[in-house]
Amino acid sequence: MALTFYNSLTRKAEPFSTTSANGVGMYTCGPTVYNYVTIGNWRTYTLGDLVARVLRYNEYKVNYYMNITDVGHLTGDNSGDADTGEDRMEKAKAREGKNAWEIAKFYTEDFKHGYTMLNLTEPEAFLPATEHIPEQIALIQQLELAGLTYRINDGIYFDTEAFEKKGFTYGVLSNLDQIKAGARVDFNPEKRNFRDFALWKFSPIDAKRDMEWQSPWGVGFPGWHSECTAMSLKYLGEQFDIHVGGEDLKSTHHPNEIAQAEGATGKSPFVHLWMHGAFLQVDGGRMGKSLGNAYTLADITARNISPLSLRYFYFSGHYRSPLNFTWEALTASDTALKRIKAIIASDSTDIEHLLAGGKVNESYREKFLSAINDDLNMPLALSVLHELVHDKNIAPSDMVVTALNFDEVFGFNLGEKSSIEIPAEVLILANKREEARNAKNWADSDKLRDSIASHGYIIKDTDKGFVIEKK
Ligand code: AMP
Ligand code: ZN
């Protein structure tokens, strides 16, 4: 099946194509490093990873970049008026008694650690905003030359009306309601239009910021939207293929990225395909630091659950639908993934040998490809994996080789026994016991329970399947 993605720009699913000869140019908006990244944010970064993996599976070369917002990003940035509120880095500084550079360094490291734990596609580079200040200044100068900026009391602003007078449309990604919602938010009355946004903010006269730079307009720091445009133009060119982010970025941040790029280059569209992931909810509601449910990867590993099981959980829903996180649902994903790993482990005492002997089963591969190529239908792809590992009609070597082939997309490390916290032999016994139970062979099932116990583990049955615990 031809690779198809839903494009937020055209609001329809489209067959994918690229104009670039050097691989698909792709960019995902990265974290603001002022706090721990939440499992909500990770859902969006896992979407970026998945798009890259699916492209590679379809034999495209991918040129992938992600920014690190280590300066600015005011608390009002995502909610209508992009230039109000406190600076997130400066706010964290007060909270933690460190300077803004130390905070950015600490949370950048933490983010990269989590990124590895979730097995996310390594980009060509992570791009810190603070290492690209000259590029951002140059972008603003280009916009100034094009007559798209004006100066007010607190900074240099982008003039959205002047942009439209040049024949561009502002805010194609947002819907009218979002623009109206923006209009209701209090905004700086000096702005010509509520949609206009800061390109460069001036440092306050009475205080010294940790992060500030000289510019042709005075000492200050770039507006949040400048970094993504300046850096993606630098690394991916004036027009590129794919831009990924969370759905909240559709209303302000992404329209502003587009306006800056198109205003500076005169070329439209800046990016051909815009992909937005729906939000992760927790216990059926909003996730938030103030609600105490903004879970991080550390909360997950503290419960002895692998971040790879979180990947499995993410794939249990479609990326364009909200997904509801509960600990119960994550535990069910963890159990399901462990079982698959156990089946693979039991059938692959010698993976090298199997890889030499086995081959990818074409009929399963077809089904898998149709699922992933249909705008990333991962719930269906997971069900294909389940069907495959339980299929008694295909040779174990082919099953393992096919599952490992799918794992190029899933990224579950299916072949790695070391990633299974419960020993493989215990999982194998547990799977055998499950089979015995399904066959209502209670005598065998009891014997297997005893052997599991002799390894130091207890097996419990829940309505979601079995759970294994250490004695
Ligand atoms: P932020 O650090 O707030 O700029 O968010 C970083 C990324 O995570 C952005 O792409 C957001 O759209 C995304 N994001 C924030 N909250 C959630 C959530 N609950 N579920 C999914 N993505 C989210
Ligand atoms: Zn961005």
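Structure: above.
Residues numbered from 1 in each chain as written. Chains lettered and ligands numbered in written order. Predicted model: local features only at pLDDT ≥ 70, side-chain atom pairs only at ≥ 80, totals over all residues. Heavy atoms only, no water.

1. As for the overall build of the protein
Spelled out, the test is: In this description a helix means any DSSP run of H or I spanning at least four residues, a strand means any run of E spanning at least two, and both kinds are numbered starting from the N terminus. Remark: exposure states derive from per-residue accessible area (1.4 Å probe, protein chains only) relative to the maximum for the residue type, with buried under 20%, exposed over 50%, and partly exposed in between. Pairs of residues are marked as contacts when any of their non-hydrogen atoms sit within 4.5 Å. Accessibility throughout is a Shrake-Rupley quantity obtained with a 1.4 Å probe, and a residue counts as covered only by protein chains that appear here.
The helix and strand inventory of the protein stands at 17 helices and 15 strands. In the protein, which comprises 471 residues, the proportion classed as buried is 56%. Taking the intrachain contacts of the protein between residues at least 6 apart in sequence as the baseline, contacts between residues at least 24 apart amount to 74%. Split by element, the accessible area of the protein, about 20000 Å² in all, is 50% carbon and sulfur.

2. Observations regarding the coordination of the zinc ion (ligand 2)
Put simply, the rule is: Only nitrogen, oxygen and sulfur atoms count as donors, using a 2.8 Å cut-off from the metal that widens to 3.2 Å for Na, K and Ca. Water is left out, so coordination shells may look unfilled. Only four donors with every angle between 85 and 135 degrees are called tetrahedral; only four or six donors with opposite donors over 155 degrees apart and all others between 65 and 115 are called square planar or octahedral, in that order; all others are irregular.
Taken together, Cys-29 (SG), Cys-228 (SG), His-253 (NE2) and Glu-257 (OE) make up the protein donors of the zinc ion (ligand 2), found 2.1 to 2.3 Å from the metal. Note that the zinc ion (ligand 2) binds four donor atoms; their angles at the metal cover 81 to 130°, and the shape is irregular. In the primary sequence, the donor residues of the zinc ion (ligand 2) line up as C-x198-C-x24-H-x3-E. Of this pair, His-253 and Glu-257 both sit in helix α8 (residues 253–265), four residues apart, roughly one helical turn. According to the relative accessible area criterion, His-253 is buried, its value standing at 1%. Look at Glu-257 and you get buried, because its relative accessible area is 0%.

3. What to know about the site of ligand 1
As a reminder of what qualifies: Near is defined per residue: the residue qualifies when any heavy atom it owns lies within 4 Å of the molecule or strand. Here a polar contact means two N or O atoms within 3.5 Å. Within protein one must be a hydrogen donor candidate and the other an acceptor candidate, and residues neighboring in sequence count only if both atoms are side-chain atoms.
For ligand 1, the set of nearby residues contains 14 residues, the closest of which are Gly-40, Asn-41, Thr-44, Asp-248 and Leu-280. Gly-40 is positioned such that a nitrogen or oxygen atom in its backbone is 3.0 Å from a nitrogen atom of ligand 1. For ligand 1, a nitrogen atom lies 2.7 Å from a polar atom in the side chain of Thr-44. Notes on ligand 1: free accessible area 490 Å², of which the protein chains cover 91%.

4. Brief notes about unusual backbone geometry
In this structure, Pro-269 follows Ser-268 across a cis peptide bond, with omega equal to 0°. Note on placement: Pro-269 falls in the loop between α8 and β11 (271–277). The phi dihedral of Asp-375 is positive, around 50°, even though this residue is not glycine. As for its placement among the helices and strands, Asp-375 is situated in the loop between α13 (362–373) and α14 (378–390). The phi angle at Asn-413 is positive, at roughly 55°, despite the residue not being glycine. Inspection of the secondary structure puts Asn-413 in the loop between α15 (396–410) and α16 (424–438).

5. Observations regarding helix α1 (residues 39–57)
Rules: For a helix, the expected span equals 1.5 Å multiplied by the number of residues minus one.
For α1, which comprises 19 residues, the first-to-last C-alpha distance of 26 Å matches the rise-based estimate of 27 Å (1.5 Å per residue) to within 8%. Burial within α1 is extensive, with 17 of its 19 residues counted as buried. The positive-phi residue at the C-terminal boundary of α1 is Glu-59, with phi of around 70°.

6. Considerations on the sheet that holds strand β3 (residues 24–28)
Threshold: We call two strands paired when DSSP finds no fewer than two bridges between them. Axes here refer to lines fitted to C-alpha atoms; in helices the fit is confined to the stretch in contact. Angles between the N-to-C directions go from 0 to 180 degrees.
Pairing is parallel in the open sheet, where five strands are placed in the order β5-β4-β3-β10-β11. A strand with exactly one partner marks an edge of an open sheet, and here the two such strands are β5 (125–128) and β11. For this sheet the average axis-to-axis angle between neighbouring strands, irrespective of direction, equals 25°. Of the pairings in the sheet, the one linking strand β10 (residues 240–246) to β11 comprises six bridges and is parallel in character. Within β11, the position partnered with Ile-242 by the bridge is Leu-273. Sheet strands touched by helix α3 (residues 100–117): β4 (62–68) and β5. Its angle to β4, the strand with the most contacts, is close to 145°.

7. A look at the packing of aromatic side chains
Put simply, the rule reads: Put simply, two rings from Phe, Tyr or Trp (the six-membered ring, in Trp's case) pair if the centres are within 6.5 Å, and we call them stacked under 30 degrees between planes, edge-to-face over 60, tilted for the rest.
Taken as a whole and judged by the stated rule, the model has 32 aromatic pairs. Judged by centre distance (5.5 Å) and plane angle (80°), the ring pair of Tyr-57 and Phe-368 falls under edge-to-face. Of the two residues, Tyr-57 is situated in helix α1 and Phe-368 in helix α13; the sequence distance between them amounts to 311 residues. By the burial criterion, Tyr-57 is buried, and Phe-368 matches it.

8. Examining empty space enclosed by the protein
The test is simple: In this analysis the probe radius is 1.4 Å and the grid spacing 1 Å, with only protein atoms considered; a cavity is a set of points the probe fits into but cannot get out of, a pocket is an open set with protein on both sides within 12 Å along at least five of seven lines, and lining residues have an atom within 4 Å of a point. Grid points are joined across faces, edges and corners, and a volume is the space filled by probe spheres set on the points. Polarity classes work like this: nonpolar for Ala, Val, Leu, Ile, Met, Phe, Trp, Tyr, Cys and Pro, charged for Asp, Glu, Lys and Arg, and polar for all others, with Gly in that last group.
This structure, assessed with the given rule, holds four cavities of 30 Å³ or more. There is about 130 Å³ of room inside the largest cavity. In terms of lining residues, the largest cavity is bounded by 15 residues, among which Arg-43, Leu-47, Leu-50, Tyr-314 and Tyr-319 are the most central. Secondary-structure elements contributing two or more residues to the lining of the largest cavity are α1 and α14. Counting residues per element, the lining of the largest cavity draws most heavily on α1, which supplies five residues. Counted by class, the lining of the largest cavity contains nine nonpolar, five polar and one charged residues.

9. Observations regarding the side chain of Ser-309
On the secondary structure map, Ser-309 appears in helix α10 (residues 307–314). Ser-309 sits in the buried class, given a relative accessible area of 2%.

What is shown is where atoms sit, not what they do.
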